[in-house]
Structure formats: C-alpha cells, structure tokens
Amino acid sequence: ATILSPSGEPEEMEYSAVDVKRDGKWLLDRVTDKSKEVVPSHYEQLKALEWMVGNWTNETADAEVELECNWAKNKNYLTRAFKIAVAGQDEISGVQVIGWDPAAKAIRSWTFDSNGAFAEGAWELKEGRWFIRNRGVLPDGQSATMINVMRQVDENSLTWQTVERTAGDELLPNIDEIEIVRR
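Residues numbered from 1 in each chain as written. Predicted model: local features only at pLDDT ≥ 70, side-chain atom pairs only at ≥ 80, totals over all residues. Heavy atoms only, no water.

Draft legend 1. Structural detail: the overall build of the chain. Tallying secondary structure elements over the chain gives 1 helix and 15 strands in all. Against the compact-globule benchmark of 16 Å for 183 residues, the chain has a radius of gyration of 25 Å, which places it well outside the compact range. Its C-alpha atoms give the chain principal-axis dimensions of about 85 × 40 × 30 Å. Taking the intrachain contacts of the chain between residues at least 6 apart in sequence as the baseline, contacts between residues at least 24 apart amount to 26%. With an accessible surface of roughly 12,300 Å², the chain has 50% of that area assigned to carbon and sulfur atoms. Charge-centre separation for the chain: the mean point of 21 positive side chains lies 8 Å from the mean point of 32 negative side chains. (Helix = DSSP H or I, 4+ residues; strand = E, 2+ residues; numbered from the N terminus. Rg over C-alpha atoms; globule rule 2.2 N^0.38 Å. Contact = heavy atoms within 4.5 Å. Areas by Shrake-Rupley, 256 points an atom, 1.4 Å probe, with all protein chains shown as cover. Lys, Arg positive; Asp, Glu negative; His and termini not counted. Charge placed at Lys NZ, Arg CZ, Asp CG, Glu CD.)

Draft legend 2. Inspection of the environment of Ser157 at higher detail. If you trace the backbone, Ser157 turns up in strand 13 (residues 157–167). Residues Ser157 and Trp56 lie 101 residues apart in sequence; the distance between their C-alpha atoms is 8.3 Å. Not counting residues within four places of it along the chain, the set of residues in contact with Ser157 comprises Trp56, Arg151, Gln152, Glu179, Ile180 and Val181. A polar atom in the side chain of Ser157 sits 3.5 Å from the side chain of Glu179. (Polar contact = N/O pair within 3.5 Å; in protein donor to acceptor, adjacent residues only side chain to side chain.)

Draft legend 3. The pattern of salt bridges, seen in detail. Inspection of every chain in the model, using the stated rule, returns 9 salt bridges. Close ionic contact of Asp29 with Arg30 constitutes a salt bridge, the shortest N to O distance being 2.6 Å. Residue classification places Asp29 among the partly exposed residues on the basis of a relative accessible area of 35%. When the shortest N-O distance is used, the salt bridge between Lys126 and Glu124 registers 4.0 Å. We classify Glu124 as partly exposed; its relative accessible area is 35%. Shared partners join several salt bridges into a network, and the residues in it are Glu66, Lys83 and Arg183. (Salt bridge = Lys/Arg side-chain N within 4 Å of Asp/Glu carboxyl O. Buried < 20%, exposed > 50% of the residue type's maximum accessible area, 1.4 Å probe, protein only.)

Draft legend 4. Just the side chain of Arg80, in detail. Mapped onto the fold, Arg80 is located in strand 7 (residues 77–86). In this structure Arg80 is buried but unpaired, with Glu68 as the nearest side chain of opposite charge at 11 Å. With sequence-adjacent residues up to four places away left out, Arg80 is seen in contact with Met52, Leu67, Glu68, Cys69, Gly94, Val95, Gln96, Ile98, Trp123, Met150 and Trp160.

Draft legend 5. Examining unusual backbone geometry more closely. Phi angles above zero are rare outside glycine, and Asn74 is one such case at about 70°. Phi angles above zero are rare outside glycine, and Lys105 is one such case at about 55°. In this fold, Lys105 is placed in the loop between strand 8 (92–101) and strand 9 (106–113). The exposed category is assigned to Lys105, whose relative accessible area is 63%.

Draft legend 6. A look at the packing of aromatic side chains. Enumeration according to the criterion identifies 4 aromatic pairs in this entry. Ring plane angle 55° and centroid distance 5.4 Å describe the contact between Tyr43 and Trp71, whose orientation is recorded as tilted. Taken together, the residues Tyr43 in helix 1 (residues 43–46) and Trp71 in strand 6 (residues 63–71) connect sequence positions 28 residues apart. Aromatic side chains Trp51 and Trp56 sit 6.2 Å apart centroid to centroid with 90° between the ring planes, which places their arrangement in the edge-to-face category. Judged by relative accessible area, Trp51 falls into the buried class, the value being 14%. The class of Trp56 is buried, set by a relative accessible area of 2%. (Phe/Tyr/Trp six-rings, centres within 6.5 Å; stacked < 30°, edge-to-face > 60°.)

Draft legend 7. Up close: the environment of Ala72. Turning to its location among the elements, Ala72 is positioned in the loop between strand 6 and strand 7. Judged by its relative accessible area of 24%, Ala72 is partly exposed. Measuring from C-alpha to C-alpha, the distance between Ala72 and Glu120 comes to 19 Å, with 48 residues separating the pair along the chain.

Honestly, that's just the spatial picture; any functional story needs more than this.
The structure is reproduced here in structure tokens:
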C-alpha cells in the first residue's frame, strides 16, 4: 500500500488482509501491517576506524605485512585479513573482526591466526593512537597478552607497534614500530 499525505512524502508499507465469507458475503476479518525490519547498525560507533578500509602493505628487508580491511554488511563490523612474513619464520595469516560491544560500550576485536592462536582485544583511543589490549591463547594452550599500538599518520599510512607481549609467564621483546602504507 502507498499512503499519500499532502504534507509529506508517500509512504510505502506491506500488509496482509484476511477475508472471510459469511452468509454468502465476503467480509474483511483483519488487516495486519508488516513493518519493515530495521537492521541496527553500529556504524556511528565504528566510523572512527573507517580510514582502515582498504589494502595496506609494508615490505622491509626482514618482514612483509599485508592487510585488507572491509566493512561487513550493515557496517556493524570491520573485517581484516592479514598476512605476516618475517625472515627466518613461517608466514602467519589470519582474520580479525572488529565490532561495537553495546553492553561494554566499547570497540572490541576477535583475532584468529593460521597457527591456531586466537585473541580478544579491547580498543581505546588515546592522544591520536589506538591501543588494542589483547588477551588470547597460543596453539599450545598458553595464555598470551600484548598491546598493539596503531596510529593513522595520514590517509595513506599508519604506524604499528606491539608492546608488553607475554607468552605464559614469559615477557617477550617489543616489536618496533613499522610504517604500513595503503596500496
């Protein structure tokens, strides 16, 4: 049905009608409108990360990083695929899903890598840098933590650093800041 109003735009809506036959006459029994389902979106809470959408890379003599970031349908999540190759180590790839947690009122992420490790991250913006506090499990069952520090330099570059890394009870060295550029 289309509802026309002199003071506004036409409004379209779906409805269902049930007719019944009584005493040889068709009568309208009931009419039910079918309101369009409104899909909630957390885009407003995630739009501060929209600059990450695209393909990114870094190639140095001892490491190669590739990132691809996209919006999921309805812009409720960002998805990132990554590949990291460090000289002398096996290549690691994986996926990360970034979304808004309405209960905690915070941005969170879930990361899974090709070695079987996984982590959950809490995102916080401080003085132009994103601090992602990750807690996870390594393939051997040990707990792991790290803080990734990410900063948008301009539209086509960002920096990435990992600090306060642990595996089980062992403190691991920081990973120096690198620059990653848009492809």
